[in-house]
Number of protein chains: 2
Amino acid sequence: MSKRNLESSVTIKDIAAACNVSITTVSNVLNGKKNKVSDEIADKIRKEVERTGYRPNYLAKNLRAIASKNIGIIAEDLIVFSAPSIIEGIMNCCEEHGYNVVIENMRLFGRWSGRWMHDEALFQSALQPVLAKMDAMNVDGIIYVGGHEHTVNKLESVNNLPIVMSYAIAADQKIPTFRLDDVSGGYDVTKYLVSKGHKRIGIIAGEKDNTHTINRIIGIQKAMFEEGILFDPSLVEYSTWNKQGGYNGMKALMDKDVTAVFCMSDAIAAGAYSFLKENGLTPGEDISVMGYDNQEISSYLTPEVTTMALPLEEIGYAAADKIIEMVTSPLSSKDEVTDIRIKSKLIERKSVKSI
Amino acid sequence: MSKRNLESSVTIKDIAAACNVSITTVSNVLNGKKNKVSDEIADKIRKEVERTGYRPNYLAKNLRAIASKNIGIIAEDLIVFSAPSIIEGIMNCCEEHGYNVVIENMRLFGRWSGRWMHDEALFQSALQPVLAKMDAMNVDGIIYVGGHEHTVNKLESVNNLPIVMSYAIAADQKIPTFRLDDVSGGYDVTKYLVSKGHKRIGIIAGEKDNTHTINRIIGIQKAMFEEGILFDPSLVEYSTWNKQGGYNGMKALMDKDVTAVFCMSDAIAAGAYSFLKENGLTPGEDISVMGYDNQEISSYLTPEVTTMALPLEEIGYAAADKIIEMVTSPLSSKDEVTDIRIKSKLIERKSVKSI
């Protein structure tokens, strides 16, 4: 950092004055819009920037010439499969509205695997610094991107920045939420299986206390009630969301003559597939299997898994649309509670058979 | 943005003076370190911030009290499977060295699918603005995260910020590169297959002009030469990197009595699996199949695919380590060319049989 004068208090005005050009000309050069400025002047400006150690601040609102509209994204972890698609939806919407995006990655799983979920202090030790950064980075609003649906405490901005949740919930109910409609997800899957003639349906769910699990079960019960099918708790296997969970769940359901199994993730479905194949049974033939998430694996398994596509980009887009509304008209809809649940879409493939 | 005075030239010093506290105290409050400051004073400071419309700039080097060391990441696209893991490696290293990370996502695939790869103007229209932002955001250095290995032109910073490439190459050879060692990858796979008794090995590669394809083929040829096996070009099927490519490639190789197939991605392996199964053959039994990438799908297919794990976090970590070295000692190793190739690791599963 030799070249740079860390204590520099030089402003873009000083650079412009010294080079005898407008602030806009300086900012054009600093922003790489070289075509708009003659090489000679651009060179002169670069030399002056070099000499004074001046370094512009893209995010600062008070440098009007290079000010920009910024939305901050706080992601729980980019390595969670859902995060990049949600962020894609957010950035798509922000681009349409001429907003720039700043991404902060808390790396909750990368640093602590699942430990943070049961350690509020650990979680807050990651959250509070990024909230402080958002306040300090002059963003206009914050979108929180969860790795799964859970409640986030102490979400507040010192500068009173507006905040919107995507794929997670805030303890502060005034913070708008955009999340999965898991009740309708469980409902739609069950209605679909019943439409294929299945009445004795096994369920390999996620953890018992997981919001996605709980809401999907409610949807299943709703559909079964409508169809006049008794809900049999002994056909529900609570497991982990991964392949091993599906393997164990399928094993436990084997002697209960189910004709179809609703797996609450494609990873669970993959585990069910393995167990069935190990025991000489063909998924989609001997026992129908329904997945959830529409992750890549669901189209790679044989037979391809009929599943539910998560509306991740939609959730991101809607959250961005909301934060931009809050940023541009801060006084509108102050007190109304916004909790939008977005439906998953059924992707019919080859793992469910009509009986 | 009602509350904010966009033309504000208030500094943290003014806030400190008005509240009759130190700059550090103000920054503690702005950074949410409330425990260090009495509620009464914190409140007083927040009121003054509110009144003056002052908004701190987290990234600005000249606000010493809240200055921080920043590395900028330019990602070609977060939705590419390799990006989150590379970024995890970068952030892991940066955290160890007390560096903050700023992420810019160019969304090349999200916006234009593959089109940008053959349209330099389109690519530059995404690259130049983020380079300008990096210059403007006061980062100390930039790490470029490619979605696959290709050459990037016009990578330059107006402020002469140091740049390091990860998973891509810069046309400017003075820019250090950290990438896959594809030659040793192809070599290791071939040596492994030969060690299992396979001599007639089919290859389902990616596109002919893709760097990963080209280098892995060279590694295969090296190993075959050492093993005294004639390299038969008619056993190489160039395809796309996806499932369909693998399906077509396997189909084309069917009548060439290969005992093993080296698929250059797990997605290609999945396609080969489908074709084999459709034709009543068992992967890993009738024909051995080797994948590449160690993507999630490789452990979900039946039988689980023996594959090569990409050293994505290592690549990110090494790139971050290098940029921090360049930032902290800008004059060291100015002219030496750095091009580090990092090896993939063989993950033995169940898709390759000894014959």
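Residues numbered from 1 in each chain as written. Chains lettered and ligands numbered in written order. Predicted model: local features only at pLDDT ≥ 70, side-chain atom pairs only at ≥ 80, totals over all residues. Heavy atoms only, no water.

Caption draft 1: Fine view of the packing of aromatic side chains. Under the criterion given, the structure shown has 8 aromatic pairs over all chains. When the ring of Tyr-247 of chain B is compared with that of Phe-275 of chain B, the centres are 5.2 Å apart and the planes differ by 85 degrees; the resulting orientation is edge-to-face. Placement of Tyr-247 of chain B in helix H9 (residues 243–253) and of Phe-275 of chain B in helix H10 (residues 266–278) is noted, with a sequence separation of 28 residues between them. Both residues of the pair, Tyr-247 of chain B and Phe-275 of chain B, count as buried. Ring pairing ties together the aromatic residues Phe-109, Trp-116 and Phe-123 of chain A, which thus form one cluster. Just above the ring of Tyr-292 of chain A sits the side chain of Arg-216 of chain A; from NZ or CZ to the centre is 3.7 Å. The ring of Tyr-187 of chain A carries Lys-222 of chain A above its face, with NZ or CZ at 5.2 Å from the centroid. (Phe/Tyr/Trp six-rings, centres within 6.5 Å; stacked < 30°, edge-to-face > 60°. Helix = DSSP H or I, 4+ residues; strand = E, 2+ residues; numbered from the N terminus. Buried < 20%, exposed > 50% of the residue type's maximum accessible area, 1.4 Å probe, protein only. Lys NZ or Arg CZ within 6 Å of the ring centre and 35° of its normal.)

Caption draft 2: Broad picture of the sheet that holds strand E11 (residues 288–290) of chain B. Residues and elements named next belong to chain B. With parallel pairing, the 4 strands of this open sheet are ordered in space as E9-E8-E10-E11. Across the chains shown, the open sheet's two edge strands, defined by having one partner strand only, are strand E9 (236–238) and E11. Taking each pair of neighbouring strands and ignoring which way they run, the sheet shows an average axis angle of 15 degrees. Where strand E10 (residues 260–263) and E11 come together, 3 bridges link them in parallel fashion. Looking at the pairing, Val-261 lines up with Val-289 of E11. Here helix H7 (residues 182–195) sits on the sheet and contacts strand E8 (201–205), E10 and E11; the angle it forms with E10, its principal contact strand, is near 165 degrees. The strands that H9 touches are E8, E9 and E10; relative to E8, the one it contacts most, it runs at about 150 degrees. (Pairing = 2+ DSSP bridges. Axes fitted to C-alpha atoms, helices over the stretch in contact; angles between N-to-C directions. Contact = heavy atoms within 4.5 Å.)

Caption draft 3: Here's a closer look at unusual backbone geometry. Backbone torsion omega between Thr-302 of chain A and Pro-303 of chain A reads -5 degrees, so that peptide bond is classified as cis. With respect to the secondary-structure elements, Pro-303 of chain A resides in the loop between helix H11 (296–300) and strand E12 (307–309). The phi dihedral of Asn-160 of chain B is positive, around 55 degrees, even though this residue is not glycine. Checked against the element boundaries, Asn-160 of chain B lands in the loop between strand E4 (151–152) and strand E5 (163–166). Under the relative-accessibility criterion, Asn-160 of chain B is labelled partly exposed at 45%.

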